[in-house]
Amino acid sequence: MAKVLPFASYRPAKEVVSEVAALPYDVYKRAEAKAFVDNNPKSFLRIDRPETQFPDDFDMYSQAVYDKAREMLNEDLSNGTYVHDEKPDYYIYELIMDGRSQTGIVAVVSVDDYIDGTIMKHENTLAAKEQDRINHIYNCGAQTGPIFLAYRDRAKVNEIVNKVKQTDKTYGFTADDGVTHNVWVISDEQDIAAIRDEFADENKIYIADGHHRAASAVKVGLKKREENPGYTGEEDFNFFMSVLFPESELAILPYNRVVKDLNGLSDSEFIDKLKTVADVEEVSSQYQPVDKATLGMFFEDKWYKLSIKEELRSDDPVSGLDVSLLQDNILTPILGIEDPRTDKRIDFVGGIRGLGELERRVHTDMKVAFSMYPTSINELFEVADAGLLMPPKSTWFEPKLRSGIFIHEI
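Report follows, based on the coordinates.

## Overview of the overall build of the protein chain
Part 1 of the argument: Scanning the protein chain for helices and strands turns up 13 helices and 21 strands.
Part 2 of the argument: In terms of C-alpha radius of gyration, the protein chain reaches 23 Å, essentially the compact-globule figure of 22 Å for 410 residues.
Part 3 of the argument: In terms of overall dimensions, the protein chain has C-alpha extents of about 70 × 50 × 45 Å along its principal axes.
Part 4 of the argument: Here the protein chain holds 410 residues, and 55% of them are scored as buried.
Part 5 of the argument: A separation threshold of at least 6 residues defines the contact pool for the protein chain, and within that pool the share at least 24 residues apart is 77%.
Part 6 of the argument: Surface accessibility of the protein chain: about 17700 Å² in total, with carbon and sulfur atoms responsible for 46%.

## What about the packing of aromatic side chains?
Part 1 of the argument: What the rule picks out here adds up to 14 aromatic pairs.
Part 2 of the argument: For the ring pair Tyr28 and Phe36, a centre distance of 5.6 Å and an interplane angle of 40° mean the geometry is tilted.
Part 3 of the argument: For the pair Tyr91 and Phe406, a centre-to-centre distance of 5.4 Å together with 50° between the ring planes defines the contact as tilted. Within this pair, whereas Tyr91 is found in strand β4 (residues 90-97), its partner Phe406 is found in the loop between β20 (396-397) and β21 (408-409), the two being separated by 315 residues in sequence.

## Things to note about the packing of helix α7 (residues 155-164) against helix α8 (residues 189-200)
Part 1 of the argument: Axis separation between α7 and α8 bottoms out at 9 Å; the angle between their running directions is 150°. With respect to their mutual orientation, α7 and α8 come out roughly antiparallel. Relative to α8, α7 is oriented so that their crossing is left-handed. Residues Lys156, Val157, Ile160, Lys163 and Val164 of α7 form the contact with α8, whose own contacting residues are Asp191, Ala194, Ile195, Glu198 and Phe199.

## As for the pattern of salt bridges
Part 1 of the argument: Counting across every chain of the model gives 34 salt bridges.
Part 2 of the argument: Between Glu19 and Lys42 there is a salt bridge, with the nearest N and O atoms lying 3.8 Å from each other. Here the residue Glu19 occupies a position in helix α1 (residues 17-20), and Lys42 occupies one in the loop between α2 (30-39) and α3 (45-48), the gap between them amounting to 23 residues.
Part 3 of the argument: When its relative accessible area of 42% is taken as the criterion, Lys42 is described as partly exposed.
Part 4 of the argument: What you see here is one network of salt bridges that share partners, running through Arg154, Glu198, Asp201 and Glu202.

## Looking at empty space enclosed by the protein
Part 1 of the argument: Counted under the stated rule, the structure contains 2 cavities of 30 Å³ or more.
Part 2 of the argument: The calculated volume of the largest cavity comes to roughly 130 Å³.
Part 3 of the argument: Mapped onto the lining of the largest cavity, the elements with two or more residues apiece are α6 (127-140), β7 (142-143), α9 (211-227) and β12 (239-246).
Part 4 of the argument: Broken down by element, the lining of the largest cavity gets its largest block of residues, 3 residues, from α6.
Part 5 of the argument: When grouped by side-chain class, the residues that make up the lining of the largest cavity number 7 nonpolar, 4 polar and 3 charged.
Part 6 of the argument: The space that makes up the second largest cavity amounts to roughly 40 Å³.
Part 7 of the argument: In terms of lining residues, the second largest cavity is bounded by Arg257, Val323, Gln327, Leu331, Pro340, Phe348, Pro391 and Pro392.
Part 8 of the argument: When residues of the lining of the second largest cavity are assigned to their parent elements, the largest contribution, 3 residues, is made by helix α11 (residues 322-331).
Part 9 of the argument: Across the lining of the second largest cavity, the residue classes tally to 6 nonpolar, 1 polar and 1 charged.

## Brief notes about the side chain of Asn256
Part 1 of the argument: As for its position among the elements, Asn256 is in strand β14 (residues 255-259).
Part 2 of the argument: Judged by relative accessible area, Asn256 falls into the buried class, the value being 1%.
Part 3 of the argument: At 2.8 Å, the side chain of Asn256 forms a polar contact with the backbone nitrogen of Met372.
Part 4 of the argument: Setting aside residues up to four positions removed in sequence, Asn256 forms contacts with Asp347, Phe348, Val349, Gly351, Leu358, Phe370, Ser371 and Met372.

## Structural notes on the environment of Asn238
Part 1 of the argument: Assignment of secondary structure puts Asn238 in the loop between α9 and β12.
Part 2 of the argument: We classify Asn238 as buried; its relative accessible area is 1%.
Part 3 of the argument: Spatially, the C-alpha atom of Asn238 lies 8.1 Å from that of Arg225, the residues being 13 residues apart in sequence.
Part 4 of the argument: Setting aside chain neighbours within four positions, we find Asn238 in contact with Val109, Ser110, Val111, Arg225, Tyr231 and Gly233.
Part 5 of the argument: In terms of polar contacts, Asn238 uses its side chain to reach the side chain of Glu235, at 2.9 Å.

## Comments concerning the pairing of strand β17 (residues 302-308)
Part 1 of the argument: The buried fraction of β17 amounts to 5 of the 7 residues, a majority that puts the element mostly inside the structure.
Part 2 of the argument: Strand direction decides the pairing type here: strand β15 (residues 278-283) and β17, joined by 6 bridges, are antiparallel. Bridging from a neighbouring strand, Val280 pairs with Leu306 of β17.
Part 3 of the argument: Relative to β17, strand β16 (residues 294-299) runs antiparallel, the two being bridged by 6 bridges. Note on β17: the bridge partner recorded for Phe299 is Lys302.
Part 4 of the argument: Connecting β16 to the antiparallel partner β17 that follows it, the hairpin turn spans 2 residues, and Glu300 within it adopts a positive phi of roughly 50°.

## With respect to the packing of helix α4 (residues 63-78) against α6
Part 1 of the argument: Close contact between α4 and α6 brings their axes to 9 Å; oriented N to C, the two are set at 45°. Between α4 and α6, the angle is such that the two are oblique. The interaxial crossing formed by α4 with α6 has right-handed handedness. Contact residues: Gln63, Tyr66, Asp67, Ala69, Arg70 and Leu73 in α4; Asp132, Asn135, His136, Asn139 and Cys140 in α6.
Part 2 of the argument: Here the contact of α4 with α6 is composed, by residue class, of 4 nonpolar, 4 polar and 3 charged.

Definitions and limits used
- Residues numbered from 1 in each chain as written.
- Predicted model: local features only at pLDDT ≥ 70, side-chain atom pairs only at ≥ 80, totals over all residues.
- Heavy atoms only, no water.
- Helix = DSSP H or I, 4+ residues; strand = E, 2+ residues; numbered from the N terminus.
- Rg over C-alpha atoms; globule rule 2.2 N^0.38 Å.
- Buried < 20%, exposed > 50% of the residue type's maximum accessible area, 1.4 Å probe, protein only.
- Contact = heavy atoms within 4.5 Å.
- Areas by Shrake-Rupley, 256 points an atom, 1.4 Å probe, with all protein chains shown as cover.
- Phe/Tyr/Trp six-rings, centres within 6.5 Å; stacked < 30°, edge-to-face > 60°.
- Axes fitted to C-alpha atoms, helices over the stretch in contact; angles between N-to-C directions.
- Parallel < 35°, antiparallel > 145°, perpendicular 65-115°, else oblique.
- Left-handed = near helix turned anticlockwise from the far one by under 90°.
- Salt bridge = Lys/Arg side-chain N within 4 Å of Asp/Glu carboxyl O.
- 1 Å grid on protein atoms, 1.4 Å probe; cavity = no way out; pocket = protein on both sides within 12 Å on 5 of 7 lines; lining within 4 Å.
- Points joined across faces, edges and corners; volume = space filled by probe spheres on them.
- Nonpolar A, V, L, I, M, F, W, Y, C, P; charged D, E, K, R; others polar.
- Polar contact = N/O pair within 3.5 Å; in protein donor to acceptor, adjacent residues only side chain to side chain.
- Pairing = 2+ DSSP bridges.

Here it is, written out as structure tokens:
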């Protein structure tokens, strides 16, 4: 039984929502974040990345930085930038990019469901990456960036969402990047009860994106429990804010790879070794794989189609992933990249950047690029169901959920 509950959100006033809503904190480098905030002073990014309020050489992880985040958040919550809903509601959040829509439900989910595995993971997290968000959530006393969750379609939930989407929007704006964001409030008590009951009948919810933010929110919740030994389990710190999307709404983009050198091989030796694990076919233009177990490769100003040999393919949920086929048959044995998490010779390029970005990287700082067939949402479910973990950088979800549209105080 999953606890997916309504909550009383702080939301931006309608007239400023488009200025407040911000891309996730981790899509910006420090200088980029500072430049963006300088040009967009109402953006929530200034709260998500409070080091933008300090000199460039100031320690971005110091207590003063997190105190500044709380100060700015308090100011926005009290000066009319935000309104506070009077009762717990669900919210509908629709994102439209390039004509394609995906719609989810904004809610809070249970720390205990994360701990007991009802909320299922497919990636490991790094403690160092968690600590910044732990500090941010704890010092702000709020969760400000929703976790991206997925679930298997439930007809009743879809019915309610489609019904509410026929009513007037609470928000509707298109950001500078061309992505449209629409929000509705689900306030009818019968609809709220029906959604809650539908999810209570669900025993598996999946983290699609935001593993580090989820882990950080859970650790803050556990810290709050230690500080409040008489807690009942109903306090807000026992829950973390998420947007839950049915699987039919989701598409995963490829997460491509670029490699700096050939591990000491000559060009011809590299191609010869590739031919032992794949059928290698030169193609006349950019190649984006359209079938599993095929890769595109840009090398020495030529594009190739690589088809992994049949005997090397696998039905295993992890070994059968296309990112695993590349890693296990080419990156490790041929190019000597044992651990893609730590090896400085490899970099990862989100599919949203297109194949032209792979060519650009090879022309500037890399030797070879691989375009990937995207992991499917069903493959993500299968890996999580098996209690396994995907290789790093296996999925790229787009468009990104905006921060600052919903705030859950804890």
